[in-house]
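# An overview of the molecular structure
Listed below are the residues making up each chain.
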Amino acid sequence: MSDTANVFSDAIVDHAVIREAGVALAAESRRFADRGWMPGTAGNLSVTLARDPLWLAVTASGLDKGELKPTDVVIVDEQGEWTPDAGLPFAQPSAEAGLHARIAAVTGAGAVIHVHALAAVRSGHHWPNGVVLHDLEMLKGIGHSAHDERVVIPVVKNHQDMVILGDAFERAYRPATEAIAEVPALIVADHGIYAWGRDLRQARWHLELTEALLQIVLATKV
Ligand SMILES: CSC[C@@H](O)[C@@H](O)C(=O)COP(=O)(O)O
Ligand SMILES: [Zn+2]
């Protein structure tokens, strides 16, 4: 993950920053709901507000993701638990906030997006040990080569315990090396996909490109 700061991570976390994060999360969430990737209350998003200690602004749980308000945001700690230290009254964070926090901690991501997009679910079902992609132009959009590179989108089993899911993510995750970029996405089988980036916009690009790549690999499989 690039260490380029996202728009929030260098700021002092005050009400204005939390409001700005809430506005950005609501707008981004609406985009994916409109696309059908967040049916009903499905899906969740976060941005990293601080690194030490880790604080994330994450969408509140159980709300229609096409109708979020800027105030439908919860500040969580590295466990994905609501923290009173941010000065907001208690609100229930996303049930999956713990995995957002783990991804942000491990990868350095400034934003994480989770949706229930169809190609991700279908490909995780077909290839439960990982989805292999190669020789596709759009691989360049997720930091890889359009030719002669084997890229694996990891697939982990679904679980309702975010510690177990987080551990599975860490086992599957390959940090970037000098030669090979990370893969900024994770499929949770029979559930959905997580994608991340240095900020919400890059996380969105990674998500859209990965879903498009998965659509192609499904459409062209023999
Ligand atoms: C509508 S079922 C989906 C949920 O169980 C979950 O997977 C999800 O994506 C949304 O959970 P949430 O707690 O609202 O962030
Ligand atoms: Zn989900």
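Residues numbered from 1 in each chain as written. Chains lettered and ligands numbered in written order. Predicted model: local features only at pLDDT ≥ 70, side-chain atom pairs only at ≥ 80, totals over all residues. Heavy atoms only, no water.

Basically, it comes down to this: UniProt positions are given in the numbering used here, feature names are shortened, and annotations may be inferred rather than shown by experiment.
In the annotation of an unreviewed UniProt entry, the entry for the protein chain reads Methylthioribulose-1-phosphate dehydratase, and the organism field reads Subtercola frigoramans. A UniProt comment under Sequence similarities (unreviewed entry) is attached to the protein chain, and it reads "Belongs to the aldolase class II family. MtnB subfamily."

### A look at the overall build of the protein chain
Quick note on the threshold: The numbering of helices and of strands both runs from the N terminus, where a helix is a DSSP run of H or I of at least 4 residues and a strand a run of E of at least 2. Our radius of gyration looks at C-alpha atoms and nothing else; its globule reference is 2.2 Å times the residue count to the power 0.38. We get accessible surface area from the Shrake-Rupley algorithm with a probe of 1.4 Å; when it comes to residues, only the shown protein chains can shield them. A residue counts as positive if it is Lys or Arg and as negative if it is Asp or Glu; His and the chain ends are not included. By convention, the point assigned to a charge is CZ for Arg, NZ for Lys, CD for Glu and CG for Asp.
Looking only at helices and strands, one finds five helices and nine strands in the protein chain. Compactness check: the protein chain gives a C-alpha radius of gyration of 16 Å against a globular reference of 17 Å for 222 residues, within 12% of the reference. Referenced to the eigenvectors of the C-alpha coordinate spread, the extents of the protein chain come out at roughly 55 × 40 × 30 Å. Carbon together with sulfur atoms contributes 52% to the accessible area of the protein chain, which is approximately 10400 Å² in total. Taking the 18 positively charged and 28 negatively charged side chains of the protein chain as two groups, their mean positions are separated by 6 Å.

### Concerning the pattern of salt bridges
Counted only if it meets this: For this analysis, a salt bridge means a side-chain nitrogen from Lys or Arg found within 4 Å of a carboxyl oxygen belonging to Asp or Glu. Think of it in three bands: residues with accessible area under 20% of the maximum for their type are buried, residues over 50% are exposed, and the middle band is partly exposed, with areas taken using a 1.4 Å probe on protein chains only.
All chains considered together, the criterion is met by eight salt bridges. A salt bridge links R102 to D167, with the nearest nitrogen and oxygen atoms 2.8 Å apart. Linking R102 in helix α2 (residues 97-107) with D167 in helix α4 (residues 162-172), this pair joins segments that are 65 residues apart in sequence. What makes R102 buried here is its relative accessible area of 19%. Judged by relative accessible area, which is 32%, D167 ranks as partly exposed. Beyond isolated ion pairs, a larger network of salt bridges with shared partners links E28, R31 and R204.

### Points about the coordination of the zinc ion (ligand 2)
What counts, and what does not: A donor here means an N, O or S atom no more than 2.8 Å from the metal, or no more than 3.2 Å when the metal is Na, K or Ca. Since water is not included, a site may seem to lack partners.
Looking at the zinc ion (ligand 2), the protein donor atoms are H114 (NE2), H116 (NE2) and H191 (NE2), and they sit 2.1 to 2.2 Å from it. All donors of the zinc ion (ligand 2) belong to a single chain; written as a sequence motif, their spacing is H-x1-H-x74-H. A residue pair is termed long-range when its members are at least 10 positions apart, and H116 in the loop between β4 (111-115) and α3 (118-126) and H191 in the loop between β8 (185-188) and β9 (192-197) qualify at 75 residues.

### Details of the UniProt feature "binding site: Zn(2+)" (unreviewed entry) in the protein chain
Spelled out, the test is: Note on definitions: a residue-residue contact is assigned when non-hydrogen atoms from the two residues lie within 4.5 Å. Polar contacts, as counted here, are pairs of nitrogen or oxygen atoms within 3.5 Å of one another; within protein the pair requires one atom able to donate a hydrogen and one able to accept it, and residues that are adjacent in sequence qualify only if both atoms are side-chain atoms.
Those residues carrying the UniProt feature "binding site: Zn(2+)" (unreviewed entry) are H114 and H116 in this numbering. Structurally, the position occupied by H114 is in strand β4. Apart from the residues lying within four places of it in its own chain, the contact partners of H114 are M38, G43, N44, E96, H100, H191, G192, I193 and Y194. Among the polar contacts made by the side chain of H114, one reaches the side chain of H191 at a distance of 3.1 Å. In terms of polar contacts, H116 uses its side chain to reach the side chain of H114, at 3.1 Å.

### Topic: the nonpolar core
Nonpolar side chains in soluble globular proteins tend to be buried together. Applicable threshold: Among buried residues, the Ala, Val, Leu, Ile, Met, Phe, Trp, Tyr and Cys ones that are joined through side-chain atoms within 4.5 Å form a nonpolar core.
Core analysis: the biggest nonpolar cluster contains 46 residues, and V47, L49 and V115 have the highest contact counts within it. It is helix α5 (residues 200-220) that provides the largest number of residues to this core, a total of seven residues. In this structure, A168, F169, L186 and V188 belong to the second largest nonpolar core, which totals 14 residues.

### What to know about α3
Here is the rule we go by: This arc corresponds to the set of directions leading from the helix axis out to the C-beta atoms.
Residues of α3 that are buried include every one of A119, A120, S123 and G124, and no others. On an axial view of α3, the arc spanned by its buried residues comes to 130°, and they lie on one face. Set apart from the buried face of α3 by more than 90 degrees, the exposed residues are L118 and H125.

### Quick word on the UniProt feature "domain: Class II aldolase/adducin N-terminal" (unreviewed entry) in the protein chain
Under the feature "domain: Class II aldolase/adducin N-terminal" (unreviewed entry), the UniProt entry names residues 23-218. Measuring from the first to the last C-alpha atom of residues 23-218 gives 35 Å, for a span that is 32% helix and 21% strand.

### Digging into the site of ligand 1
To keep things clear, this is the line we draw: Any residue with a heavy atom lying within 4 Å of a molecule or strand is counted as near it. Only Asp, Glu, Lys and Arg are considered charged, only Ala, Val, Leu, Ile, Met, Phe, Trp, Tyr, Cys and Pro nonpolar, and every remaining residue, Gly among them, polar.
Taken together, 13 residues form the shell around ligand 1, and within it G43, S61, G62, S94 and E96 come nearest. Between an oxygen atom of ligand 1 and a side-chain N or O atom of N44, the distance comes to 2.8 Å. Contact between ligand 1 and G62: an oxygen atom at 2.8 Å from a main-chain N or O atom of the residue. Taken together, the residues of the shell around ligand 1 break down into two nonpolar, nine polar and two charged.

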